[in-house]
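Observations on the model geometry
Here is what each chain is made of, one letter per residue.
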Amino acid sequence: MTEYLDLIRRRREEIISRADAALTRAGRSWSDVKVMAVSKTVGVEQVLDAIRAGYRFFGENRPQELVRKLEGLEAAGVSEDVRFDMIGNLQTNKINAVLGRAACIHSISSLHLAEAVSSRAERRMGEGLLAAPQPVLLEVNVSGEASKSGFAPDDLRASMDALRELRGIHIEGLMTMAPRGDKGRARETFAGLRTLRDELEATYADMSLPELSCGMSEDFEIALEEGSTLVRLGRVVFDPAFELE
Ligand SMILES: *Cc1c(COP(=O)(O)O)cnc(C)c1O
């Protein structure tokens, strides 16, 4: 076994035991929780090690990199059922590269982008190139930081009727990023995402938003305590220098 594979195996055990403890504290079970390994900073070889260590779900923040990883795994003859999601800012001219390839696009940050993804997906469906509407999450700027992208909560409320009309996308839930280095504000952000989801589901009785994508290397335990169904872990999975607290 290589040293690197050994490291990410041990990390994975640590992540799972910490996530398990957080879920127990919150009275939750694993049944609605997924762990994504964010592979944006590593190469195909490291992704292959991560698959050997047991990961099946990956995230990338650039379309070209997502395509490169998928092609790399195919070239390596990976037979496991592996999923890749798009989690980073998406420019409209890159949408076609990820449609159908990304199992879910987490970074739908505006009505304009949602419309652009939907119209391209509808066209592909019409051509028989895409089997179903593209699964997406709506990125929300819960913390209100100017540096963060995403719908402001009021903006999302105001856009919901229009979003629900879009036939080329399937909205599966919400995604957010917490302020860095402040556990209290991180918790507020995750709780705010859950509360907003509950409010939208109450407003639109026919709409279900089961997925809450939140929590990263430094705050995934807090996110799981606050209802996250999908933690996106980069450094804690792949970076030998990252130190878990
Ligand atoms: C990089 C990235 C992550 C993972 O961050 P870490 O702090 O390395 O765990 C999660 N989500 C998004 C959107 C990212 O860009």
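To be clear, the structure that these remarks concern was listed above.
Calculation notes
- Residues numbered from 1 in each chain as written.
- Predicted model: local features only at pLDDT ≥ 70, side-chain atom pairs only at ≥ 80, totals over all residues.
- Heavy atoms only, no water.
- Helix = DSSP H or I, 4+ residues; strand = E, 2+ residues; numbered from the N terminus.
- Rg over C-alpha atoms; globule rule 2.2 N^0.38 Å.
- Buried < 20%, exposed > 50% of the residue type's maximum accessible area, 1.4 Å probe, protein only.
- Contact = heavy atoms within 4.5 Å.
- Areas by Shrake-Rupley, 256 points an atom, 1.4 Å probe, with all protein chains shown as cover.
- Expected span 1.5 Å × (residues − 1).
- Near = heavy atom within 4 Å.
- Polar contact = N/O pair within 3.5 Å; in protein donor to acceptor, adjacent residues only side chain to side chain.
- Nonpolar A, V, L, I, M, F, W, Y, C, P; charged D, E, K, R; others polar.
- Pairing = 2+ DSSP bridges.
- Right-handed = clockwise from strand over helix to strand, strands pointing away.

1. As for the overall build of the protein
A count of helices and strands for the protein gives 9 helices and 8 strands. The C-alpha radius of gyration computed for the protein amounts to 18 Å, which stays within 12% of the reference 18 Å derived for 245 residues, consistent with globular compactness. Seen along its three principal axes, the alpha-carbon backbone of the protein occupies a region of about 50 × 45 × 35 Å. In the protein, which comprises 245 residues, the proportion classed as buried is 48%. Taking the contacts inside the protein whose residues are at least 6 apart along the sequence as the reference set, 65% of them involve residues at least 24 apart. Roughly 11400 Å² of accessible area belongs to the protein as shown, and the carbon and sulfur atoms make up 47% of that amount.

2. Considerations on the side chain of Ser118
Mapped onto the secondary structure, Ser118 falls in helix α5 (residues 111-126). Leave out the neighbours within four places in its chain, and Ser118 touches Leu166, Arg167, Gly168 and Ile169.

3. Considering helix α3 (residues 63-75)
Its 13 residues give α3 an end-to-end C-alpha distance of 18 Å, which sits within 8% of 18 Å, the value for a rise of 1.5 Å per residue. Packing partners of the buried residues in α3 comprise α2 (44-53), β2 (57-60), β3 (83-86) and α4 (95-98). Just beyond α3, the residue with positive phi is Gly77, at close to 70 degrees.

4. Examining the site of the ligand
In the vicinity of the ligand, the residues found are Val38, Lys40, Ile87, Met177, Arg180, Met216, Ser217, Arg232, Leu233, Gly234 and Arg235. Residue Lys40 places a side-chain N or O atom 2.7 Å away from an oxygen atom belonging to the ligand. Arg232 places a polar side-chain atom, nitrogen or oxygen, 2.9 Å from a nitrogen atom of the ligand. Protein contact buries 92% of the 390 Å² of open area that the ligand shows by itself. Taken together, the residues of the shell around the ligand break down into 5 nonpolar, 2 polar and 4 charged.

5. With respect to the pairing of β2
Side chains Phe57 and Gly59 of β2 all project onto a buried face; the interleaved residues Phe58 and Glu60 project onto the opposite face, where all are buried too. Where strand β1 (residues 34-38) lies against β2, 2 bridges are found, and the strand directions are parallel. What sits directly across from Ala37, in β2, is Phe58. Bridge analysis of β2 against β3 gives 4 bridges, and the strand direction is parallel. By the bridge assignment for β3, Phe57 is matched with Arg83. For the handedness criterion, the β-α-β arrangement of β2, α3 and β3 is classed as right-handed.

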